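Observations on chain architecture
The chain contents come next:
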Amino acid sequence: METSSWRNSTSIYIHTKTMSLTSANTEQFENSNKKYATTIITDAEKKLSIPPAKKYVIITCMDARIDPAKAFGVTLGDAHIIRNAGGSARDALRSLIISQQLLGTEQVIVVKHTKCGMLAFTNEDLFEKLGVQSQTEEKTLPCDFLPFKDLNKAVKEDIEFLKAHKFVKSDAVSGYIYDVESGRSEKVV
Ligand SMILES: [Zn+2]
């Protein structure tokens, strides 16, 4: 009985906390955007064309500790940045083909990073959390969440994947590891 009421009050607490966090995030989003549109974005930036001016793509992780614009010097209008869990080239394929074939990009830089969440789980772990055996049981799920155990190897495999793909322009592809603690990137391939 006691455990159950403790659980109930905890869940209400978490729910309330989540609700206020959610509205705080929305408020920050709306206020920041209002400021951006009225005082920050320049007239030249408003006239940028769709194809990235410097014809390159960065594929990197969705990790909240990476700011590609600041860390890699990406200026508005210069590059496509494709983000997903782990900075996976496979996961990025749909966007990459659109970027290269329809919007003229020619160079790809893959950036994975230290302390990535993708190093910390297996497909089996996640299927278990979702309460299914595997994708065969639930067709709406991807069959592979693309976790990895070895960061260096994962970068090399992504570069090999891009080079081997017949629809990817891969004359200029390179791979890096970004250190989230030092802010430095090191070239792998
Ligand atoms: Zn990551």
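Residues numbered from 1 in each chain as written. Predicted model: local features only at pLDDT ≥ 70, side-chain atom pairs only at ≥ 80, totals over all residues. Heavy atoms only, no water.

**Re the nonpolar core**
Ranked by size, the top nonpolar core spans 32 residues in total, and within it I59, L96, V108 and L162 carry the most contacts. Elements that contribute at least two residues to this core include exactly β1 (56-61), β2 (79-84), α4 (89-103), β3 (107-113), α6 (151-164) and β4 (172-178). Top contributing element to this core by residue count: α6, with six residues. In contact with L162, other than residues within four places in its own chain, are A89, L96, V108, V110, V168, S170 and V173. (Core = buried A, V, L, I, M, F, W, Y, C linked by side-chain atoms within 4.5 Å. Buried < 20%, exposed > 50% of the residue type's maximum accessible area, 1.4 Å probe, protein only. Helix = DSSP H or I, 4+ residues; strand = E, 2+ residues; numbered from the N terminus. Contact = heavy atoms within 4.5 Å.)

**Considerations on the coordination of the zinc ion**
For the zinc ion, the full set of protein donor atoms is C61 (SG), H113 (NE2) and C116 (SG), and the range of their distances to it is 2.0 to 2.3 Å. Sequence positions of the residues that donate to the zinc ion give the spacing C-x51-H-x2-C. In this pair, C61 sits in strand β1 while H113 sits in strand β3, placing the two residues 52 residues apart along the sequence. The exposure class assigned to H113 is buried, which follows from its relative accessible area of 0%. (Donors = N, O, S within 2.8 Å, 3.2 Å for Na, K, Ca; no water.)

**Points about the UniProt feature "binding site: Zn(2+)" (unreviewed entry) in the protein chain**
Under the UniProt annotation, the feature "binding site: Zn(2+)" (unreviewed entry) is placed at C61, D63, H113 and C116. The annotated residues occupy 56 residues of the chain but converge on a single region, no pair of C-alpha atoms lying more than 8.8 Å apart. In this structure, D63 sits in the loop between β1 and α3 (68-71). If sequence neighbours within four positions are ignored, D63 has contacts with R83 and H113. Engagement of the side chain of D63 in a polar contact is seen with the side chain of R65, the distance being 2.7 Å. Note on placement: C116 falls in the loop between β3 and α5 (123-130). (UniProt positions renumbered as here; feature names shortened; annotations may be inferred. Polar contact = N/O pair within 3.5 Å; in protein donor to acceptor, adjacent residues only side chain to side chain.)

**With respect to the sheet that holds strand β5 (residues 185-187)**
Strand pairs in the sheet, formed through backbone hydrogen bonds, run parallel or antiparallel to each other. Taken together, five strands build an open sheet; the order of strands is β2-β1-β3-β4-β5 and the sheet is mixed. Where the open sheet ends on each side, the last strands, each with one partner, are β2 and β5. Shown here is a sheet whose adjacent strand axes are inclined to one another by a mean of 25°, direction ignored. The pairing of β1 with β2 spans six bridges and is parallel. Looking across to β2, one finds that Y56 is bridged to A79. Contacting β1, β2 and β3, α4 runs over the sheet at an angle of about 160° to β2. Across the sheet, α6 is in contact with β3 and β4; its angle to β4 comes to roughly 165°. (Pairing = 2+ DSSP bridges. Axes fitted to C-alpha atoms, helices over the stretch in contact; angles between N-to-C directions.)

**Side note on α6**
Its 14 residues place the ends of α6 20 Å apart at the C-alpha level, agreeing with the 20 Å of an ideal helix rising 1.5 Å per residue. Taken residue by residue, α6 has L151, A154, V155, D158, I159, F161 and L162 as its buried positions. Down the axis of α6, the buried set is contained in an arc of 155°. They therefore lie on one face. When the buried face of α6 is taken as reference, the exposed residues oriented beyond 90 degrees from it are E160 and A164. On its buried face, α6 sits against α4, β3 and β4. The N-terminus of α6 is capped by D150, whose side-chain oxygen sits 3.1 Å from the backbone nitrogen of N152. (Expected span 1.5 Å × (residues − 1). Arc of directions from axis to C-beta.)

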